[in-house]
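Spelled out from the first residue to the last, the chains are:
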Amino acid sequence: MFAGLAERYRWELRVHCYRMLGSFDEAEDLVQETLLRAWRYRGSFQGRSTFRAWLYRIATNACLDFLDRRPWQPTPDTAGAAAEVGWLQPFPDRLLEPVADQDAEPETVIVARETIELAFLVAIQYLPPRQRAVLILRDVLGWSAAETGELLEMSVAAVKSALQRARPVLRAHLPHRDVGQAPARVPAPTGQERELLRQFMAVHECADIAGFAQLLSEDVRLSMPPLPYFFAGRAEVVGFAAHALGPGSPLHQGRWRGVAVWANRQPAMAGYLLRPGEPFYQAQVLNVLRVEDGRIVEITAFQPEVFDAFGLPATLS
C-alpha cells in the first residue's frame, strides 16, 4: 500500500528533481533515491504534513545532498546560453503529466510551460541550490513561506530573504518573463508551432540553408550542450548550418530523416542520418526549438544519448 501511494507522485517528483538539477538522467536517479529513502524511513511519517509534502521534503533534500557532492556551476562565457550548462538535458513531454488516476489528490500540479522550458532551466542553474529550492517551492509550486520554511528547516524570514535574492538573478537571465507571477495554465501546442516544426524538418532533410534562414529570428541563438559551442544571431547560426550541412560537409553526403517530438513543452526534431553505404539511419541529434512570433528564436541541439528517454530508437530502417 505504501509503495502504491508513493508511486502516484513519481511523475511530479521527477519534474521537481529535474528543475533542481537540469539533468533528466540525474532526476531519474534522484526520484528513485527519494522513494527508497521514503520506504526506509516510512515510520517517521507522523501526519504532521501531507504525504505529498513529506515526499517533497525527501526529494528536495536528496537533490541538495547531490548538489553538495557535485557543485555544478554554469560557465560564464555566454550569458544565458544552454551551452553554459553542460549537464542540461531535455525532458520528454510524454512524462510531464500523471497517468490518469481517479484517486489523485486535487492538489496535483500542472506543469506549466514557462517553468519547464529550457530557458527557465538554464536560468535557475545560476542560483545557489538552497535559493533554487526556495524559488521552485514558492514561485513554481505555490507553497507558502511557512510551508517552504518547514520543508527546508528555515525560518520564514530566511525564506523571504532567499526569495528576494533569487528573483533578481532569475530576472537577469529571463528579462522577458514576469518572475514571481503564478504560471499560466498549459496551452496546447499551437498550429504555428506545428507548422514551423514541419518546415524545420523539411529544410533540414534536404539541407536547404536558404529555407532554414527564413525560419529564424534575427537574434536567434544556437547551443549544443554538453559541447561548448554557441552561436548568436541569424548570420552566425546560418553560417554554422552551412558549414555542418552544406556542400563539402561529410554530413551533406548522407540523407536526413526527421521525427517530430515535444520536449520541455517545445517542438523538437529527432534527426537521423543515413550515411553512404550504411543500411540504417543512425540517431544524430535532437533539436529543441523555442518559437516566438512565428520565428525560431532558439535552437538547443542535444547528442543522441538523450533519444532513449523519448522512447526513440537508435536506428531507423
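Check the entry above for the structure.
Counting of residues starts from 1 at the beginning of each chain's written sequence and follows it residue by residue. Where local features are concerned, this predicted model is filtered to residues with pLDDT of at least 70; where side-chain atom pairs are given and counted, the filter is 80 or more; whole-chain, interface and lining totals use all residues. To obtain the side-chain values, all non-hydrogen atoms of the structure were included, while hydrogens and water were left out.

Another aspect to go through is the pattern of salt bridges. Each salt bridge in this description consists of a side-chain nitrogen of Lys or Arg and a carboxyl oxygen of Asp or Glu lying within 4 Å of one another. Taken as a whole and judged by the stated rule, the model has 15 salt bridges. The salt bridge involving Asp65 is made with Arg37; its shortest N-O contact spans 3.2 Å. One end of the pair, Asp65, is in helix α4 (residues 51-69); the other, Arg37, is in helix α3 (residues 24-40), with 28 residues separating them in the sequence. Only protein chains enter the accessibility calculation, which uses a 1.4 Å probe; a residue whose area is less than 20% of its type maximum is buried, one above 50% is exposed, and one in between is partly exposed. The class of Asp65 is partly exposed, set by a relative accessible area of 31%. Here Arg221 ties to Glu298 by a salt bridge, and the two come within 3.8 Å at their closest N and O atoms. Taken together, the residues Arg221 in strand β1 (residues 216-223) and Glu298 in strand β6 (residues 295-302) connect sequence positions 77 residues apart. Of the residues examined, Arg221 reaches a relative accessible area of 21% and is grouped as partly exposed. Residue Glu298 is classed as buried on the basis of its relative accessible area of 8%. Numbering goes from the N terminus for both helices and strands, where a helix is a DSSP run of H or I of at least four residues and a strand is a run of E of at least two.

This part is about the packing of aromatic side chains. In summary, the pairing rule links any two rings of Phe, Tyr or Trp, Trp by its six-membered ring, whose centres are within 6.5 Å, and it sorts them by plane angle into stacked for under 30 degrees, edge-to-face for over 60 and tilted for everything else. One pass over the full model with this rule turns up 8 aromatic pairs. With 5.7 Å between their ring centres and 35 degrees between their planes, Phe51 and Trp54 make a pair best called tilted. With Phe51 and Trp54 both in helix α4, this residue pair falls 3 residues apart, about one helical turn. Of the residues examined, Trp54 reaches a relative accessible area of 9% and is grouped as buried. Centre to centre, the rings of Phe200 and Phe212 are 6.1 Å apart; their planes meet at 55 degrees, and the pair counts as tilted. Placement of the pair is Phe200 in helix α9 (residues 191-205) and Phe212 in helix α10 (residues 209-214), with a sequence separation of 12 residues. An identical accessibility class is assigned to Phe200 and Phe212; each is buried. An aromatic cluster of at least three residues, connected via ring pairs, comprises Tyr9, Phe51 and Trp54. Over the ring of Tyr281 we find Arg257; its NZ or CZ atom is 4.3 Å from the centre of that ring. Lysine NZ or arginine CZ positioned within 6 Å of the ring centre and within 35 degrees of the ring normal marks a charge as sitting over the ring.

Before going further, it helps to spend a moment on the side chain of Thr60. Within the secondary structure, Thr60 is located in helix α4. Polar contact is the term for a pair of N or O atoms within 3.5 Å; when the atoms are in protein, one must be able to donate a hydrogen and the other to accept it, and sequence-neighboring residues count only if both atoms are side-chain atoms. At a separation of 2.8 Å, a polar atom in the side chain of Thr60 contacts the side chain of His16. In terms of polar contacts, Thr60 uses its side chain to reach the backbone carbonyl oxygen of Tyr56, at 2.8 Å. Those residues in contact with Thr60 that lie beyond four places of it in its chain are His16, Ala133, Leu151 and Leu152. Pairs of residues are marked as contacts when any of their non-hydrogen atoms sit within 4.5 Å.

All right, on to the state of the cysteines then. When two cysteine sulfur atoms are found within 2.5 Å, that pair is recorded as a disulfide. Applying the stated criterion across every chain yields a total of 0 disulfides. Cys17 carries a free sulfur, and the closest cysteine sulfur to it, the one in Cys63, is 3.6 Å from it.

Relative to the helices and strands, Val220 resides in strand β1. For the pair Val220 and Arg234, spaced 14 residues apart in the sequence, the C-alpha separation amounts to 5.7 Å. Leave out the neighbours within four places in its chain, and Val220 touches Phe231, Ala232, Gly233, Arg234, Val237, Ile296, Val297 and Glu298.

Right, let's get into the packing of helix α6 (residues 129-140) against helix α7 (residues 145-152). A fitted line through C-alpha atoms serves as each axis, taken over the contacting stretch for helices, and the angle formed by two N-to-C directions is quoted from 0 to 180°. Where α6 contacts α7, the axes come no closer than 10 Å and their chain directions differ by 140 degrees. When the axis of α6 is compared with that of α7, the two are oblique. Regarding α6 and α7, the two cross each other, and that crossing is right-handed. Between α6 and α7, the contacting residues are Arg130, Ala133, Val134, Leu137 and Arg138 on the first element and Ala145, Thr148, Leu151 and Leu152 on the second. Residues were grouped as follows: Ala, Val, Leu, Ile, Met, Phe, Trp, Tyr, Cys and Pro as nonpolar; Asp, Glu, Lys and Arg as charged; and all remaining residues, including Gly, as polar. Broken down by class, the residue content of the contact of α6 with α7 amounts to 6 nonpolar, 1 polar and 2 charged. Should an angle fall under 35 degrees it is called roughly parallel, over 145 degrees roughly antiparallel, and 65 to 115 degrees roughly perpendicular, with every other angle called oblique. Take the far helix as the reference: if the near one is turned anticlockwise from it by less than a right angle, the crossing is left-handed, and if turned clockwise, right-handed.

The next subject is α9. A turn of α-helix holds 3.6 residues, and therefore any two residues three or four places apart point the same way. A helix is expected to span 1.5 Å for every residue after the first. In this model, α9 (15 residues) spans 21 Å end to end at C-alpha, consistent with the 21 Å of a helix rising 1.5 Å per residue. All buried positions along α9 are accounted for by Glu193, Leu196, Leu197, Phe200, Met201, Val203 and His204. Seen along its axis, α9 keeps its buried residues to an arc of 170 degrees; they face one direction. On its buried face, α9 sits against α10, α11 (234-245), β3 (255-263), β4 (266-274), β5 (281-292) and β6. Taken from the helix axis, the directions to the C-beta atoms give the arc we talk about.

Pairing of β3 with β4 involves 9 bridges; the strand directions are antiparallel. Bridge pairing in β4 links Trp262 to Pro267. Following DSSP output, two strands are said to pair if at least two bridges run between them. Between β3 and β4, which pair antiparallel and follow one another directly, the connecting turn spans 2 residues, one of which, Asn264, has a positive phi of 55 degrees.

Our focus in this paragraph is the side chain of Asp93. Turning to its location among the elements, Asp93 is positioned in the loop between α4 and α5 (118-124). Of the buried charged residues, Asp93 lacks a salt bridge, with Arg265 as the closest side chain of opposite charge at 4.6 Å. Not counting the four nearest positions on each side in its chain, Asp93 is found in contact with Trp262, Ala263, Asn264, Arg265 and Gln266. Under the counting rule used here, the positive set is Lys and Arg, the negative set is Asp and Glu, and His together with the chain ends is not counted.

Here the focus is the environment of Glu147. Residue position: Glu147 is located in helix α7. Here Glu147 falls in the partly exposed class, since its relative accessible area comes to 43%. Placed 98 residues apart in sequence, Glu147 and Ser49 show a C-alpha to C-alpha distance of 9.2 Å. From its side chain, Glu147 meets the backbone nitrogen of Ser144 in a polar contact 2.9 Å long.

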